[in-house]
Amino acid sequence: MQDLEGLTVVALEQAVAAPYASGRLADGGARVIKIERPEGDFARNYDSLVQGESAYFVWLNRGKESIRMNVKDPSDQALLAEMIAGADVFIQNLAPGAAARLGFGAEEMTKRHPALIYCSISGYGEDGPYRDQKAYDLLIQAESGLCAINGSEESPARVGVSVCDIAAGMTAFQAILQGLFARERSGKGRIIDVSLFHAMSDWMNVPYLQTRYGKKPPKRLGLKHPTIAPYGAFECADGKAVLISIQNEREWVRLCADVLQMPELATDPRYVNNTLRVANRPELDAQVAEIFAGMEREAIIERLNAAAIAFGRLSDLDDLLEHPQNRLITVTTGAGKIEMLSPGAVVRGEAVLFRPVPDLGQHDDTLRAEFGPKTLAAASK
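These remarks concern the structure in this document.

Rules used in this analysis
Residues numbered from 1 in each chain as written. Predicted model: local features only at pLDDT ≥ 70, side-chain atom pairs only at ≥ 80, totals over all residues. Heavy atoms only, no water. Phe/Tyr/Trp six-rings, centres within 6.5 Å; stacked < 30°, edge-to-face > 60°. Helix = DSSP H or I, 4+ residues; strand = E, 2+ residues; numbered from the N terminus. Lys NZ or Arg CZ within 6 Å of the ring centre and 35° of its normal. Contact = heavy atoms within 4.5 Å. Buried < 20%, exposed > 50% of the residue type's maximum accessible area, 1.4 Å probe, protein only. Lys, Arg positive; Asp, Glu negative; His and termini not counted. Salt bridge = Lys/Arg side-chain N within 4 Å of Asp/Glu carboxyl O. Polar contact = N/O pair within 3.5 Å; in protein donor to acceptor, adjacent residues only side chain to side chain. Arc of directions from axis to C-beta. Pairing = 2+ DSSP bridges. Axes fitted to C-alpha atoms, helices over the stretch in contact; angles between N-to-C directions. Patch = residues over 30% accessible without salt bridge, like charges linked within 9 Å, V, L, I, M, F, W, Y side chains within 5 Å. Areas by Shrake-Rupley, 256 points an atom, 1.4 Å probe, with all protein chains shown as cover. Parallel < 35°, antiparallel > 145°, perpendicular 65-115°, else oblique. Left-handed = near helix turned anticlockwise from the far one by under 90°. Nonpolar A, V, L, I, M, F, W, Y, C, P; charged D, E, K, R; others polar.

### A word on the packing of aromatic side chains
So, step 1. With the rule as written, the count across this model stands at nine aromatic pairs.
So, step 2. Seen in terms of ring centroids, tyrosine 46 and tyrosine 56 are 5.6 Å apart; in terms of plane orientation they differ by 80°. Their pairing is edge-to-face. With tyrosine 46 in the loop between strand 2 (31–36) and helix 2 (55–60) and tyrosine 56 in helix 2, the pair connects residues that are ten residues apart, well separated along the chain.
So, step 3. One aromatic cluster is present, formed by Tyr20, Phe42, Tyr46, Tyr56 and Trp59 through successive ring pairs.
So, step 4. Above the plane of the ring of tyrosine 20 lies arginine 24, whose end atom (NZ or CZ) is 4.4 Å from the centre.

In structure tokens form, the structure reads like this:
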């Protein structure tokens, strides 16, 4: 499945957000030329846990061509300009204003190439008082309010993956695809600005609206739900935990009768509706916990399944490695073949070709030959 075959993407990128967007375009069949600093995208050195390679880099950079450039050098600037001239999409995540200072700003590039989709990814956006403030994933998790609703009652916590970077990369990918679709109709490109802060703040709309209009900011509750009960993790007799989620009154009655085997609990005045259950959560959770603690997790799960109650095992990373629902793909790297979790979307009846992860500067010579002085000289004749 190569839906985007024939499209060329030039990505002046590093770290996570921009490589996520360009990586999904590469998965779709686009040609993605990754511009790296002479020392390489610093994500190459985040760790060396994947047979000597970085987990982040292996995840985000399959299917790309890597060329090293010093974009402050005039000859490399000419090379980059030639690449952009033949591109459908240009993605860059330099600091705000840096691309323009180098001669590759959005307005100049789209004026020169009207069909170009130009996407900038930054921390806080191209304007506003925080425009020039440095921004990394955890800093945006804190700044956007995400940490205020994530963690235990005692303290905030970081989401364990780079969720703000990923949100920005997803937002950029969908905006680029929308721009390409619009270009099919109009023939015109567009300028797209995406920031980590704004991508994450969009995801924060529910707590924002609850706080602004309901005057009720959600509290940190660990593995409990802020507005539904019972909804959380309960430890079983074998030390393993299971999460349950009650979404309506029918499920509440079934939980009491078929799982807890305490049908009278369903009509207890403290618990007859969700609002009361949330208000009396400590007492309710204690009663549920007592039943769960007396049975092994699989025995509880058997009852939950029979009662059609939603549940999830509290898996650790070893559990994830062996999870029976995993879909896996194999990607080639300089260190050999790597098995990783598959992208989330599957197109039925279609196979996806996952191309190799490039070594640093692997395509220096071929790309310089394609876009370098000979090409420039030929174009000037």
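### Observations regarding the environment of isoleucine 117
So, step 1. Take isoleucine 117: it is sitting in strand 5 (residues 117–122).
So, step 2. As a C-alpha pair, isoleucine 117 and glycine 179 span 62 residues in sequence and 6.7 Å in three-dimensional space.
So, step 3. Discounting residues that sit within four places of it in the chain, isoleucine 117 has contacts with Asp88, Val89, Phe90, Ile176, Gly179, Leu180, Gly189, Arg190 and Ile192.

### Points about the side chain of glutamate 251
So, step 1. Structurally, the position occupied by glutamate 251 is in helix 11 (residues 249–259).
So, step 2. It is arginine 254 that comes nearest to the buried, bridge-free glutamate 251 among opposite-charge side chains, at 4.5 Å.
So, step 3. In terms of polar contacts, glutamate 251 uses its side chain to reach the backbone amide nitrogen of glutamine 247, at 2.8 Å.
So, step 4. Once residues lying within four places of it in the same chain are set aside, the contact partners of glutamate 251 are Ser245, Ile246, Ala308 and Ile309.

### Concerning helix 9 (residues 196–203)
So, step 1. Along helix 9, the positions that sit buried rather than exposed are Leu196, Ala199 and Met200. The buried residues of helix 9 occupy an angular sector of 90° when projected down its axis, which confines them to one face.

### Digging into the pattern of salt bridges
So, step 1. On inspection of all chains with the given rule, the structure shows 17 salt bridges.
So, step 2. Across the salt bridge formed by arginine 24 and aspartate 27, the nearest N and O atoms sit 3.8 Å from each other. Of the two residues, arginine 24 and aspartate 27 are both situated in helix 1 (residues 17–27); the distance of three residues between them amounts to about one turn of the helix. As far as burial versus exposure is concerned, arginine 24 and aspartate 27 are alike and both buried.
So, step 3. Between arginine 313 and glutamate 298 there is a salt bridge, and its shortest N-O distance comes to 3.5 Å. Linking arginine 313 in strand 9 (residues 310–313) with glutamate 298 in helix 14 (residues 297–306), this pair joins segments that are 15 residues apart in sequence.
So, step 4. Given the relative accessible area of 45%, glutamate 298 is considered partly exposed.
So, step 5. Taken together, the shared-partner salt bridges connect Glu13, Lys34, Asp41 and Lys64 into one network.

### Quick word on the sheet that holds strand 9
So, step 1. Taking strand neighbours across the sheet as the criterion, the three strands line up as 7-8-9 in an open arrangement whose pairing is antiparallel. This sheet does not close on itself; its edge strands, each paired only once, are strand 7 (231–235) and strand 9. Averaged over neighbouring strand pairs, the angle between their axes works out to 25° when direction is ignored.
So, step 2. Alignment of strand 7 against strand 8 (residues 241–245), held across five bridges, turns out to be antiparallel. When the sheet's bridge partners are listed, glycine 232 is paired in strand 8 with isoleucine 244.
So, step 3. The sheet contacts of helix 13 (residues 281–293) involve strand 7 and strand 8, and relative to strand 7 the element is tilted by about 40°.

### Considerations on a nonpolar patch on the surface
So, step 1. A surface patch of nonpolar side chains, amounting to about 370 Å² of accessible area, comprises Leu317, Leu320, Leu328 and Leu341.
So, step 2. Assignment of secondary structure puts leucine 320 in helix 15 (residues 317–321).
So, step 3. With a relative accessible area of 34%, leucine 320 lands in the partly exposed category.

### Things to note about the packing of helix 1 against helix 8 (residues 163–186)
So, step 1. For the pair helix 1 and helix 8, interaxial distance at closest approach is 7 Å and the crossing angle is 40°. The angle between the axes of helix 1 and helix 8 places the two elements in the oblique class. In this structure, helix 1 crosses over helix 8, and the sense of that crossing is right-handed. Packed against helix 1, whose contacting residues are Ala17, Tyr20, Ala21, Arg24 and Leu25, the element helix 8 presents Asp165, Ile166, Ala168, Gly169, Met170, Ala172, Phe173, Ile176 and Leu177 at the interface.
So, step 2. For the contact of helix 1 with helix 8, a count of residues per class yields eleven nonpolar, one polar and two charged.

### Structural notes on the environment of phenylalanine 292
So, step 1. With respect to the helices and strands, phenylalanine 292 occurs in helix 13.
So, step 2. A C-alpha to C-alpha distance of 8.1 Å links phenylalanine 292 and leucine 260, two positions 32 residues apart in sequence.
So, step 3. Setting aside chain neighbours within four positions, we find phenylalanine 292 in contact with Phe234, Glu235, Cys236, Ala237, Val242, Ile244, Val259, Leu260 and Ile300.

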